[in-house]
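Okay, here's what each chain looks like letter by letter:
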Amino acid sequence: MSKLTLVSHHLCPYVQRAAIALLEKGVPFERINIDLANKPDWFLKISPLGKVPLLRIEEEDGSEAVLFESSVICEYLEETQPGVALHPKDPLTRARHRGWMEFGSSVLSDLWGYETAQDAAQLEAKRTALISKFATLEKVLTDGPYFAGNDFSLVDAVFAPVFRYFDLFDTLGDGDIFEGLERVTRWRKALSERASGKAAVGADYSQRLTEFLEKHNSILLKLPAAA
């Protein structure tokens, strides 16, 4: 049995993907959080891009391997670990799922611009981009509760961290991004209630995210508070 260590950061949504996959698989793992503003030397030596997540794989014979990039880690876990399948068996459907996982990464790119916006124009531009992407998802979702219906998949693992941001954002005065998107809203609710998603972050996640917004002088903190 390999020993798995997930090298993490408290807020990173890409880390959360890997954590959710591990939790859904029921695979024992250790998690180590690092400070990305003060990266330790041991981390820089094993991370080609200087980013998290990393998955350290220690074999019984003493050998060790390190994987980087969340999608690679999730695919490796799917191919090597027991537990429930998180990818469809059909090759075409599986390929489509991989495409929507990449779509999730593009949503996170817009989210970064949204949460770090310091003026109204940038906020509105990213807000419009997010609404457009969620409207695209509304067209491909079924009745749920998950992306592919009743079966939780890696696409769900990608989007659970996306929706988590809005648990805080909705309280900051800009809470109508999902207005009229009934399927997306239902999907968001189902993912928020999933045990693996809840366990993928610490109890202080909301506080840490608020501190992140303060550090970046986010205009979101200056909006009229939601009623």
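A brief report on the enclosed structure follows. All of these numbers come straight from a predicted model, not from anything done at the bench.

1. Examining empty space enclosed by the protein
It is the rolling of a water-molecule-sized probe over the atoms that shows where space remains empty.
Phase 1: Per the counting criterion, the structure on display carries 1 cavity of 30 Å³ or more.
Phase 2: Of the pockets and cavities examined, the largest cavity occupies roughly 40 Å³.
Phase 3: Lining the largest cavity are Leu141, Thr142, Asp143, Gly144, Pro145, Tyr146, Arg183, Arg186 and Trp187.
Phase 4: Broken down by class, the residue content of the lining of the largest cavity amounts to 4 nonpolar, 2 polar and 3 charged.

2. Digging into the packing of aromatic side chains
Phase 1: Taken as a whole, this structure holds 18 aromatic pairs when the rule is applied.
Phase 2: With a centroid separation of 5.6 Å and 80 degrees between ring planes, the pair formed by Tyr146 and Phe152 is classed as edge-to-face. In terms of burial, Tyr146 and Phe152 fall into one category: buried.
Phase 3: Ring plane angle 80 degrees and centroid distance 4.9 Å describe the contact between Phe166 and Phe178, whose orientation is recorded as edge-to-face.

Criteria and cut-off values
Counting restarts for each chain: residues are numbered from 1 in the order of the written sequence. Selection of residues for local features in this predicted model requires a pLDDT of at least 70, selection of side-chain atom pairs for listing and counting requires 80 or more, and totals for whole chains, interfaces and linings are taken over all residues. Where side-chain values are given, they derive from all heavy atoms of the structure, hydrogens and water being excluded. Computed over the protein atoms alone on a 1 Å grid, cavities are sets of points where a 1.4 Å probe fits but cannot get out and pockets are open sets with protein on both sides within 12 Å along at least five of seven lines; a residue lines them when it has an atom within 4 Å of a point. Grid points are joined across faces, edges and corners, and a volume is the space filled by probe spheres set on the points. In this classification, Asp, Glu, Lys and Arg are treated as charged, Ala, Val, Leu, Ile, Met, Phe, Trp, Tyr, Cys and Pro as nonpolar, and every other residue, Gly included, as polar. Working definition: rings of Phe, Tyr and Trp (its six-membered ring) pair if their centres are within 6.5 Å, and the pair is stacked with planes under 30 degrees apart, edge-to-face with planes over 60 apart, and tilted otherwise. For every residue, the accessible area obtained with a 1.4 Å probe (protein chains only) is divided by the maximum for its type, and the residue is called buried under 20%, exposed over 50%, and partly exposed between those limits.

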